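# Structural characterization, general
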Amino acid sequence: MICIVTVFILTAITYYIFDYLLRRLKVGGFHNRHVLVTGCDSGFGQRTVIRLDNLGFKVFAGCLTEDGRHYLSQNCSKNVVPFLLDVRSNESIQSALDLVKQNLPENTGLWGLVNNAGILFTMAPTEFCTKSEYQKSMDVNLFGLIEMTRSFLPLIRKGQGRIINTTSWAGRLACMAPVYALSKYGVEAYSDILRREMYTTGIKVSIVEPGAFTTSIITRKQMLESVHKAFARIPEDIQSVYKVFVENFMSRILLDVVPPSSNLDLVVDAYIHGLTSRFPRTRYTPGNDSKFLYIPLSYLPTGLADWILKYNLK
């Protein structure tokens, strides 16, 4: 028995050392590689563009607002091309594709596509949420990501490049924020299918599953307002069912029971590794809550995970 345990431990240590060394191998020629990043107005996207610029990459930075585009124009080198992009619009995506084609050197493909754009506008329970809210979330988080990938895939294939899709721990463990979680589960499924389809093409597909971070995607105040607004519009008989649940939810948010991380570089590091490593990971889980709480919970037997979450929600 002791021999079996020893062999297992040595095998595990050998595997992790080999994996660590393998992932440290980098591709070269950053200055000849072109990357497109969506959602660059602030947060992860903006920081990723600046980091890529410092590394010498040529970057196409899609921004939803003129303010976001202007900020990158003022704070980045000429290697960065900021432009307006609304991933909900096929016309906007086509304009982005035309722009990228015009700026790529002849016979050069796209090295990377970082699908970072996303929204989280309500944390309300399922019975509070309307079809239009699900559609609004899907249009950005899932359908926009799919259309971006589909449109740029020929250029990525030409460059033998990478696709990095941003999901969330909520795409692996569905327990709250149904509108958001549903869209992220869709991204997980789409990314897994895409990665397996791309095995023989040389294209590598990675998924980034962040925990909670202090970004502008949704603030604590917006979170509380979204639940209050949704609660106020449902009938009184349904309000009576959820009154205690909503009060407990509000208390958890105000007490900051699971405080978000302010270290946005954890997610940026995952993006950069996915673009620069010769052997990028299939999945990245930046954030201690994602890595050590939510993702491990997703591996538990369903009944056990449900019991833990039920206790937590109470």
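In what follows, the structure referred to is the one given above.
These lines cover the structure that appears in this document, whether it is placed above or below. These numbers come from a predicted model, not from an experiment.

### Remarks on the pattern of salt bridges
Applying the stated criterion across every chain yields a total of 14 salt bridges. Between Asp265 and Arg47 there is a salt bridge; the shortest N-O distance is 3.6 Å. Remark: Arg47 occurs in helix α2 (residues 43–55) and Asp265 occurs in helix α9 (residues 265–276); sequence separation between them is 218 residues. Here Asp265 falls in the partly exposed class, since its relative accessible area comes to 30%. Across the pair Asp86 and Arg88 runs a salt bridge, and its minimum N-O distance is 2.9 Å. A relative accessible area of 22% places Asp86 in the partly exposed class. Within the structure, one salt-bridge network assembled from shared partners comprises Arg172, Glu188, Asp192, Arg195, Glu209 and Arg283.

### Let's talk about unusual backbone geometry
With a phi close to 60°, Asn107 is a non-glycine residue in the positive phi region. Of note in the backbone geometry, Gln160 takes a positive phi value of approximately 50° without being a glycine. Along the chain, the position of Gln160 falls in the loop between α5 (131–159) and β5 (162–166).

### Points about the pairing of strand β3 (residues 80–84)
Summarising the sheet, strand β2 (residues 58–63) and β3 pair through 5 bridges and their orientation is parallel. Looking at the pairing, Gly62 lines up with Phe83 of β3. Between β2 and its parallel partner β3, the chain crosses via helix α3 (residues 66–75), and the hand of that crossover is right-handed.

### With respect to the pairing of strand β6 (residues 204–208)
Burial analysis of β6 places 4 of its 5 residues in the buried class, which makes it a mostly covered element. Tracing the backbone out of β5, into helix α6 (residues 178–197) and back to the parallel element β6 gives a crossover that is right-handed. Note: β6 against strand β7 (residues 283–284), 2 bridges, orientation parallel. Within β7, the residue paired with Ile207 across the bridge is Arg283.

### As for the nonpolar core
With 29 residues, the main nonpolar core has Leu36, Val100, Leu110, Met148 and Phe152 as its most contacted residues. Put simply, the parts of the chain that give this core at least two residues each are α4 (90–103), α5 and α6. Sort the elements by how many residues they give to this core and α5 lands first, with 9 residues. Setting aside chain neighbours within four positions, we find Leu110 in contact with His34, Val35, Leu36, Phe60, Val100, Phe152, Leu155, Ile156, Gly159 and Gly161. Grouped together as the second largest cluster of nonpolar side chains are 28 residues, Leu72, Cys76, Val208 and Val268 included.

### Observations regarding the state of the cysteines
The full count for this structure, using the stated rule, is 0 disulfides. Its sulfur unpaired, Cys129 is 14 Å from the next cysteine sulfur, which belongs to Cys175.

### Regarding the packing of aromatic side chains
Under the defined criterion, the tally for this structure stands at 6 aromatic pairs. Aromatic pair Phe30 and Phe57: ring centres 4.7 Å apart, planes at 20°, arrangement stacked. A residue pair is termed long-range when its members are at least 10 positions apart, and Phe30 in the loop between α1 (2–23) and β1 (34–37) and Phe57 in the loop between α2 and β2 qualify at 27 residues. Both rings, one in Phe128 and one in Phe231, keep their centres 6.0 Å apart while their planes meet at 45°; by these two values the pair is tilted. Remark: Phe231 occurs in helix α7 (residues 220–233) and Phe128 occurs in the loop between β4 (112–115) and α5; sequence separation between them is 103 residues. Under the relative-accessibility criterion, Phe231 is labelled buried at 17%.

### Quick notes on the packing of α5 against α6
The contact between α5 and α6 brings their axes to 8 Å, and the two run at 20°. The orientation of α5 relative to α6 falls into the category roughly parallel. As for the relative orientation of α5 and α6, their crossing is right-handed in sense. Contacts from Glu133, Tyr134, Ser137, Met138, Asn141, Leu142, Leu145, Ile146, Thr149 and Arg150 of α5 reach α6 at Pro178, Val179, Tyr180, Leu182, Ser183, Lys184, Gly186, Val187, Tyr190 and Leu194.

### Regarding the sheet that holds β4
Two orientations exist for strands paired in a sheet by backbone hydrogen bonds: parallel and antiparallel. Taken together, 7 strands build an open sheet; the order of strands is β3-β2-β1-β4-β5-β6-β7 and the sheet is parallel. On the outer flanks of this sheet lie β3 and β7, each paired with one strand and no other. Judged from the 5 bridges that link them, β5 and β6 form a sheet pairing that is parallel. Counted as the bridge partner of Thr166 is Val208 from β6. Running at roughly 160° to β6, α6 makes contact with β5, β6 and β7 of the sheet. Across the sheet, α9 lies against β1, β4, β5, β6 and β7, angled at about 160° from β5, the strand it touches most.

### Describing α7
Between its first and last C-alpha atoms α7 spans 21 Å; for 14 residues at 1.5 Å apiece the expected length is 20 Å, and the two agree. All buried positions along α7 are accounted for by Met223, Leu224, Ser226, Val227, Ala230 and Phe231. Down the axis, α7 shows its buried residues gathered within 160° of arc, on one side only. Those residues of α7 that are exposed and aimed more than 90 degrees away from the buried face are Lys221, Lys229 and Ala232.

Parameters and conventions
Residues numbered from 1 in each chain as written. Predicted model: local features only at pLDDT ≥ 70, side-chain atom pairs only at ≥ 80, totals over all residues. Heavy atoms only, no water. Salt bridge = Lys/Arg side-chain N within 4 Å of Asp/Glu carboxyl O. Helix = DSSP H or I, 4+ residues; strand = E, 2+ residues; numbered from the N terminus. Buried < 20%, exposed > 50% of the residue type's maximum accessible area, 1.4 Å probe, protein only. Pairing = 2+ DSSP bridges. Right-handed = clockwise from strand over helix to strand, strands pointing away. Core = buried A, V, L, I, M, F, W, Y, C linked by side-chain atoms within 4.5 Å. Contact = heavy atoms within 4.5 Å. Disulfide = S-S within 2.5 Å. Phe/Tyr/Trp six-rings, centres within 6.5 Å; stacked < 30°, edge-to-face > 60°. Axes fitted to C-alpha atoms, helices over the stretch in contact; angles between N-to-C directions. Parallel < 35°, antiparallel > 145°, perpendicular 65-115°, else oblique. Left-handed = near helix turned anticlockwise from the far one by under 90°. Expected span 1.5 Å × (residues − 1). Arc of directions from axis to C-beta.

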